[in-house]
Amino acid sequence: MNMNWLSKFAPLPEDFSGIQTPADLARWELSNWLPEHSFTLEPDPSMGDGFRISGSTITGGETGLLYGAYALLRHMQAGAPLPSESCPRYPLRMIDCWDNMDGSVERGYAGRSLFFEGNCFAYHPDRLRHLARLMASVGLNVLCISNVNVHEPAQGLLDEFLPDLSALADLFRPFGIRLMVSVDFSMPIRDGFSSADPRDAGVQAWWQAAAARVYREIPDLAGFLVKADSEGRPGPFTYGRTHAEGANLLARALRPFGGVLVWRCFVYNCRQDWRDHTIDRPMAAYDTYQPLDGQFDENVILQIKNGPFDFQVREPVSPLLLSMQKTRMALELQLAQEYTGQQIDLYTMAPMWREIFQDLPPERIQAIAAVSNFGRDENYFGHPLAAVNLFGFGLLAWNPEITPEEIVSQWILLTYDFLPEDQETLGRWMLASRRIYEKYTSPLGLGWMITPHTHYGPNPSGYEYDLWGTYHRASRDAVGINRTSAGTGYTCQYPPALRQRYEDASACPDLLLLFFHRLPYGFRMKDGRSLIQRIYDDHFEGAEQAARLLEALKGLPFPEPDRQVILDRAVRQKENAENWRDVINTFFHRLSGVPDALERKIFD
Ligand code: GCU
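Rules and cut-offs
Residues numbered from 1 in each chain as written. Predicted model: local features only at pLDDT ≥ 70, side-chain atom pairs only at ≥ 80, totals over all residues. Heavy atoms only, no water. Helix = DSSP H or I, 4+ residues; strand = E, 2+ residues; numbered from the N terminus. Rg over C-alpha atoms; globule rule 2.2 N^0.38 Å. Buried < 20%, exposed > 50% of the residue type's maximum accessible area, 1.4 Å probe, protein only. Contact = heavy atoms within 4.5 Å. Areas by Shrake-Rupley, 256 points an atom, 1.4 Å probe, with all protein chains shown as cover. Lys, Arg positive; Asp, Glu negative; His and termini not counted. Charge placed at Lys NZ, Arg CZ, Asp CG, Glu CD. Pairing = 2+ DSSP bridges. Domains from an automatic or database assignment. Buried area = accessible area lost by both parts, 1.4 Å probe. Near = heavy atom within 4 Å. Polar contact = N/O pair within 3.5 Å; in protein donor to acceptor, adjacent residues only side chain to side chain. Salt bridge = Lys/Arg side-chain N within 4 Å of Asp/Glu carboxyl O. Core = buried A, V, L, I, M, F, W, Y, C linked by side-chain atoms within 4.5 Å. Axes fitted to C-alpha atoms, helices over the stretch in contact; angles between N-to-C directions.

Bringing the overall build of the chain into the picture now. From N to C terminus, the chain includes 17 helices and 16 strands. Rg of the C-alpha trace for the chain: 24 Å, near the compact-globule value of 25 Å for 604 residues, within the 12% margin. Projected onto the principal axes, the alpha-carbon positions of the chain cover approximately 70 × 65 × 45 Å. Taken over 604 residues, the chain has a buried fraction of 63%. In the chain, 71% of the contacts between residues at least 6 apart in sequence involve partners at least 24 apart. Carbon and sulfur atoms form 51% of the exposed surface of the chain, whose accessible area is close to 21,700 Å². Between the mean site of the 57 positive side-chain charges and the mean site of the 76 negative ones, the chain shows a separation of 4 Å.

Listed below in structure tokens is the structure:
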């Protein structure tokens, strides 16, 4: 079994019957790694997930003891800083799988589902325990196993599949991981109701009965996750109700059992007409939810994607995250590399998360979630180096102040036995990988320009005359959408400091220029280059760096089978980068007619 960053840990025992609780697991991990030390584990339920380490005593809540043990082991194996006392910033540190019961994974790039096949549960307990251990070792504590787009028969997870779900919850429990389920807002209709209207007393009773049934089987279920009125999913809009009414309906059913209702805010018009300039998709979530601030029950958490579009390589932080004052919110990240290279291209996300938290004060949110990047591939992640994104997400959810450098260096030390210079080389490329990908893909915050539906490779006009609201409106003279107060007004959704930063093209960070502004190709960038020259330069540089990345990776002593997989993917990345470079440069060259100042090859 591929152990990823637990490669220096002993494999888990085949007979797991002696490990029932996180404290049992903590004891087992410590005695395996440090048989000569005897650690005392001192339970203190008031500490919850938190722990304290003093001499050879670890004190903590039931799960805190486990996190303390893992922190200690990470410290001993990779020199990770060992705080004498620690507790996570967010109580809910969640992974959302977009797994379907037929075994497919929506936007999955690491093989089929680890949980399902053929419309039923199908898993290998050892592999799932290893996954659970990977998650627990970095403090992740909630796992939603089913896709937010609930396709039949996944509606039956609250019904005929409940015993299977309960068995899975048992498997994850010793790792301190609680399950969550994606539910479909129209589920009462499946049961014969004529509507799913939140004001209908019968519908309310249906949800209460469903929650009671589920909690009887799984008393520690974390709650439900809902995608409603989004990309064709049913929701309260059908009945003329608000999303607060919709969310509260389910939250009230969960409340007696201590469950939370996580309600996603990915709501926008996905049937837009490209000719219609009055709708600006990034404004949608704020417009829908901001007026409802204060109307959500206490056990509702709004889950909001980091940017206002959809997990592009660079977006400004979602203004909704900065504007709600009286509502609990979760930041949603995407580890699955849907728009960011699909686990073929190297893409380490920690630098991007750092930027998000520079604009999002960590105390504004109460929870953090990420779309999973694992699947049934032998190494779980498709690309062996993509494992750093799950690893790093766990550490970030525990402590959003962690630096990308810390994440990457700890991960390398835990995963590979490299000499310091090789660690350093790999770390440097991993940290650079996001910028490299960004350079050869869609320029300066413009986003999209990607092949429709598959979302890998370039297609500048693929979405341009389509329904999804993702337009660049590039013409002979200019590119981008004016989202300032003089344009669509999107910048007005931000608090004053950010509004000012984005409003004025001369203050706006270069890398977000084309997100906020419509600019002529001759626009002077801060360094004196023209906009079009900057686009050409970035694309030549990005492709060249992808080629150098391949050479650098060849020179590193990765063990097999990682080496083969890493090099194969780096070859594909190099080709992808060349393709992006040529398509984007040609696209802009044909439109603008401006030659490259350095006379490099741009195809006709
Ligand atoms: C993206 C993605 C979909 C997904 C959606 C979501 O649009 O392409 O596959 O369902 O995000 O976050 O719900």
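Burial runs high along strand β11 (residues 260-264): five of the five residues are buried. Side chains of β11 alternate between two faces, with V260, V262 and R264 and L261 and W263 buried alike. In this structure, strand β10 (residues 223-226) lies alongside β11, joined through four bridges in parallel fashion. Bridged to G223 within β11 is V260. Of the strand pairs in this sheet, β11 and strand β12 (residues 300-305) are connected by four bridges, and their pairing is parallel. Directly across from R264, in β12, lies its bridge partner Q303.

Another point: the domain arrangement of the chain. In terms of domains, the chain is made up of domain 1 (22-86), domain 2 (92-415) and domain 3 (419-481 + 518-604). Distance from the C-alpha centre of domain 1 to the C-alpha centre of domain 2: 29 Å. With 16 residues of domain 1 at the interface, the matching set in domain 2 holds 19 residues. Interface area, domain 1 with domain 2, both sides summed: about 1,300 Å², of which 58% is carbon and sulfur. When the buried surface of domain 1 facing domain 2 is broken down by residue, Y67, R74 and A78 rank first, second and third, together holding 40% of it.

Along helix α4 (residues 162-172), the residues classified as buried are L162, L165, S166, L168, A169, L171 and F172. In this structure, the buried side of α4 is in contact with β7 (120-121), α3 (125-137), β8 (142-144), β9 (178-183) and α6 (201-217).

Now for the site of the ligand. W98, E106, R107, N149, K227, E231, R264, F266, K305, D310, E338 and Y339 make up every residue found near the ligand. Interatomic distance of 3.0 Å between a side-chain N/O atom of R107 and an oxygen atom of the ligand. Its free accessible area being 310 Å², the ligand has 95% of it covered by the protein chains.

Time to look at the pattern of salt bridges. Within the structure shown, the criterion is met by 41 salt bridges. The closest approach of N and O atoms between R190 and E152, which form a salt bridge, is 2.6 Å. With R190 in helix α5 (residues 187-190) and E152 in the loop between β8 and α4, the pair connects residues that are 38 residues apart, well separated along the chain. Taken together, the shared-partner salt bridges connect R314, E355, R434, R435 and E438 into one network.

Counting residues in hydrophobic clusters, the biggest one holds 210 residues, and the most contacted among them are W5, I95, F115, L143, W207, F374 and F588. Each residue touching I95, except ones within four places of it in the same chain, is listed here: M135, L140, V142, L143, C144, L335, A370, S372, F374, L390 and F393.

Next up on the list: the sheet that holds strand β1 (residues 40-43). Judged by pairing direction, the sheet is mixed, and its four strands sit side by side in the order β1-β3-β2-β4 without closing on themselves. In this open sheet, the two strands that pair with only one neighbour each are β1 and β4 (85-86). Note: β1 against strand β3 (residues 57-60), four bridges, orientation parallel. Of the residues in β3, the one forming a bridge with E42 is T59. Each of β1, β2 (51-54) and β3 touches helix α2 (residues 62-78); the most contacted strand, β3, lies at about 140° to it.

Next up on the list: the side chain of H383. Here H383 is to be found in the loop between β14 (367-371) and α11 (387-398). Other than its neighbours up to four places away in sequence, H383 contacts Q343, I344, L346, I566 and R569.

Overall, parallel pairing links the eight strands, which are arranged β5-β8-β9-β10-β11-β12-β13-β14 in a closed barrel. This sheet shows a mean twist of 25° between the axes of neighbouring strands, independent of strand direction. Across the sheet, helix α7 (residues 243-254) is in contact with β9, β10, β11 and β12; its angle to β11 comes to roughly 155°.

So, about the pairing of β14. With five of five residues buried, β14 lies mostly within the body of the structure. Judged by which residues are buried, β14 turns out to be covered on both faces: A367, A369 and V371 on one side and I368 and A370 on the other are all buried. In this sheet, β14 lies alongside strand β5 (residues 92-96) in parallel orientation, the contact comprising five bridges. For R93, the partnering residue across the bridge sits in β14 and is I368.

For the bond running from E152 to P153, omega is 5°, close enough to zero to count as cis. Residue placement: P153 occurs in the loop between β8 and α4. Cis geometry is adopted by the peptide bond preceding P561, which originates at E560 and carries an omega value of 5°. For P561, the location among the structural elements is in the loop between α16 (531-554) and α17 (562-592). The backbone phi angle of Q343 is positive, close to 60°, even though this residue is not glycine. Among the secondary structure elements, Q343 is positioned in the loop between β13 (329-334) and α10 (350-359). Of note in the backbone geometry, M449 takes a positive phi value of approximately 60° without being a glycine. Within the secondary structure, M449 is located in the loop between α13 (420-440) and β15 (478-479). Residue classification places M449 among the buried residues on the basis of a relative accessible area of 2%.

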